[in-house]
Amino acid sequence: MPTDTPTAIPSQAPGIPRAMFVYTLLYGGMTVLAGVLAYKQVRLWPSDLAVEAGIFPYLLLVVISSTLAQLYGQARANLLVIWGFVPLAISAALILLVLGLPASPDMGADRLGAFETVLSSTPRIMAAGPAAYGVSLLLNVWIFSKLRGANESGSTASLMIRGAIASALSQAIDSVIFITLAFYGEFPIANLMVGQVIAKVALSLLLVPFLITGGVAFARWLDAR
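This one's a predicted model, so the numbers in the text were calculated from it and none came from an experiment.

Participant: How do you make sense of the environment of L211 when you look at a structure like this?
Facilitator: Along the polypeptide, L211 turns up in helix α8 (residues 190-223). Under the relative-accessibility criterion, L211 is labelled partly exposed at 35%. Linking L211 and V63, residues 148 residues apart in sequence, is a C-alpha distance of 6.5 Å.

Participant: Explain the packing of aromatic side chains to me, please; I cannot follow it from the model alone.
Facilitator: Aromatic ring pairs are defined here through the distance separating the ring centres and the angle between the ring planes. In total, this model carries three aromatic pairs according to the counting rule given. Centroid distance Y23 to F218: 6.3 Å. Interplanar angle 25 degrees. Geometry classified as stacked. Here Y23, found in helix α1 (residues 18-37), pairs with F218, found in helix α8; they are 195 residues apart in sequence, far enough to count as distant. Of the residues examined, F218 reaches a relative accessible area of 38% and is grouped as partly exposed. Measuring from centroid to centroid gives 5.8 Å for F218 and W221, while their planes differ by 20 degrees, and the two rings are stacked. Residue F218 and its partner W221 are located together in helix α8, separated by three residues, close to a single helical turn. Note on W221: relative accessible area 45%, which makes it partly exposed. Every member of this aromatic cluster is reached through a ring pair, and the members are Y23, F218 and W221.

What counts, and at which threshold
Residues numbered from 1 in each chain as written. Predicted model: local features only at pLDDT ≥ 70, side-chain atom pairs only at ≥ 80, totals over all residues. Heavy atoms only, no water. Helix = DSSP H or I, 4+ residues; strand = E, 2+ residues; numbered from the N terminus. Buried < 20%, exposed > 50% of the residue type's maximum accessible area, 1.4 Å probe, protein only. Phe/Tyr/Trp six-rings, centres within 6.5 Å; stacked < 30°, edge-to-face > 60°.

Okay, here's the thing in structure tokens:
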């Protein structure tokens, strides 16, 4: 009797590049961590400028999105930013659930108070964070990609300059959106906004060019493994 010819099984299923997989995992973690670290204000030595510590994981979000835009295109980088709302939403829901559950009697009042202080926030702040995140990260990817141009050679110097400009502009917009949505009408926000913009732009110009260069090099190394 004739038998069916076995279907050929590919030796390896197609998948996403290894660097994109690794960076996507890191990106999801940084979206959640940024909101937690934002509760601490840190001084940018040697100046007296202060900035919320969430800027550090946020800078990694900028670096990762720019790295993916450089290697895999603007569309994939935008998709990563959009999917970043998923861990944000899930983490917010879990935080609300945990805050609503009764605390164990064995948990000291000081520990419980500290926990609730860090993880409790007003609805305005909870809405301001994702709004600022979405607009600023999509803007970062757009500026970074547009500055590349059709004939851009992709040199290290160009990569660093585009990364610095895109990050500085998107960071400034992020501060304006977040502070306005979160605190407008509660107290005068002009000085806070100016200080945050200056601090974030300074960090973008000093750190991001080197972080993006290293991020692209590491991604290429991962994909070559």
